[in-house]
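So the chains spell out like this:
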Amino acid sequence: MAGSIRIRARLSGDVAEVKALMRHPMETGRRKDSAGNTIPAHFITEVTATSAGKTVLQAQWGAAVSQNPFLSFRIKGAKAGDTVQVQWLDNKGETGVGEATIK
Amino acid sequence: MNRNRRGFLKLAGAAAALSMLPLKVLADFVRPKEAMAATDLKGVFASLGNAQDSDQIRLETPDIAENGAVVPVTVSSAIPGTSKIYLLVEDNPNPLAAAYMIPEGTEAFVQTRVKVAQTCPIYAVVEAGGKLYKTSRETKVTLGGCGG
C-alpha cells in the first residue's frame, strides 16, 4: 500500500504545518457484516513521521481513530525544501508510506 | 605509544557508538498496551498514572457531532516540556484512542479524527516533565461511531 498517504506540508514563519491523510479501513473488530459475521479488526497501530533526518512525531493508535485517518502536526525550525516522511504500520503488519516537500 | 593511544581512541569511539544504539531503541515510543486495552477511564488512568486538571491544555472538539465515526479533535498544550499527548473518549469500548510522542522541535499540537460511540466527554491528557495533566470536553453525538 505504498503511496497510501497524502501529505501536505506548509511553512509559515519557521513552523511547518503537516497534514497527512492515510487510506485505511480502520476496522475495530466490533462491526458485523450483513450476514452477521464479525468483520476482523484491521487498523493502523503506529505512525512515525520524520523530517530532516529526525523523528518529528510518533503515534500509537487504537481502533477508535476514524477511517482514512487524518493527522496534523507542526514542526518548529523547518525550512522550505525539507522533506517530511510519514509511515504507518497496522495490526496485520501492512505498511504505508508517503512523502512531501515543505513549501 | 602514540599509535596505541590512537587505537584506544578508535575503539572507545566504536564502543560509545555501539552503546548508543540500544539507547535509541529505548527512546522509541513504546505502545501503552495496558492503557490501550483498558475498557474504562479508570483503567486507563490506573495504567498511565493520575492526571491533574489543567487549563494550559486546549482541546477543541465539536459541541455536536452529527457523525460519531468522524469527530475532529485538536489538542495543543502550553505546558513546558510537553512530551506526550493522549486522546481518550470516555464511553468508547477502549477509551484510549491515540497516544502521541512529541519530540523536542515539534509543537505540542496534534489534530486527528476519532470515533465516538455516544455522547460523552473527550479527554486530552498531556505528559510534561514526567507529570500528567488533563482537560475534557463533552461532545454530543447524534449518530454513534460504532455501528457504522
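A brief structural summary. (Residues numbered from 1 in each chain as written. Chains lettered and ligands numbered in written order. Predicted model: local features only at pLDDT ≥ 70, side-chain atom pairs only at ≥ 80, totals over all residues. Heavy atoms only, no water.)

### Focus: the overall build of chain A
For chain A, the count of helices and strands is zero helices and seven strands. The helix and strand sequence of chain A, counted from the amino end, reads β-β-β-β-β-β-β. The 103 residues of chain A split such that 45% are buried. For chain A, the share of sequence-separated contacts (at least 6 apart) that also reach a separation of at least 24 residues comes to 55%. A total accessible area of about 5100 Å² is found for chain A, and carbon and sulfur atoms account for 46% of it. (Helix = DSSP H or I, 4+ residues; strand = E, 2+ residues; numbered from the N terminus. Buried < 20%, exposed > 50% of the residue type's maximum accessible area, 1.4 Å probe, protein only. Contact = heavy atoms within 4.5 Å. Areas by Shrake-Rupley, 256 points an atom, 1.4 Å probe, with all protein chains shown as cover.)

### Some words on the pairing of strand E2 (residues 15-22) of chain A
All names here are of chain A. Note: strand E1 (residues 5-12) against E2, eight bridges, orientation antiparallel. What sits directly across from Ser12, in E2, is Val15. Here E2 runs beside strand E5 (residues 70-76); their pairing, made up of seven bridges, is antiparallel. Following the sheet pairing, Ala16 is matched in E5 by Ile75. (Pairing = 2+ DSSP bridges.)

### Quick look at the environment of Val18(A)
Residue and element names in this part refer to chain A. Tracing the backbone shows Val18 in strand E2. Sequence spacing of Val18 and Arg8 is ten residues, and the spatial spacing of their C-alpha atoms is 5.7 Å. Dropping the residues within four chain positions of it, Val18 is found in contact with Ile7, Arg8, Ala9, Leu71, Ser72, Phe73, Ile75 and Val84.

### Observations concerning the interface of chain A and chain B
Each partner contributes to the interface: chain A provides 31 residues, whereas chain B provides 33 residues. Buried area between chain A and chain B, summed over both chains or domains, comes out near 2500 Å², and the portion from carbon and sulfur atoms is 49%. Three residues, Gln58(A), Gln60(A) and Arg74(A), lead the burial of chain A against chain B; their summed loss comes to 28% of the area buried on that side. At the surface where chain A touches chain B, the tally comes to one salt bridge. The residue Arg74(A) makes a salt bridge to Glu107(B) at a minimum N-O spacing of 3.6 Å. Counting every contact that joins chain A to chain B gives 22 residue pairs in polar contact (both at pLDDT 80 or more). For the side of chain A that touches chain B, the secondary structure elements donating two or more residues are E2, strand E4 (54-61) and E5 of chain A. With eight residues, the top contributor of residues to the side of chain A that touches chain B is E4(A). (Buried area = accessible area lost by both parts, 1.4 Å probe. Salt bridge = Lys/Arg side-chain N within 4 Å of Asp/Glu carboxyl O. Polar contact = N/O pair within 3.5 Å; in protein donor to acceptor, adjacent residues only side chain to side chain.)

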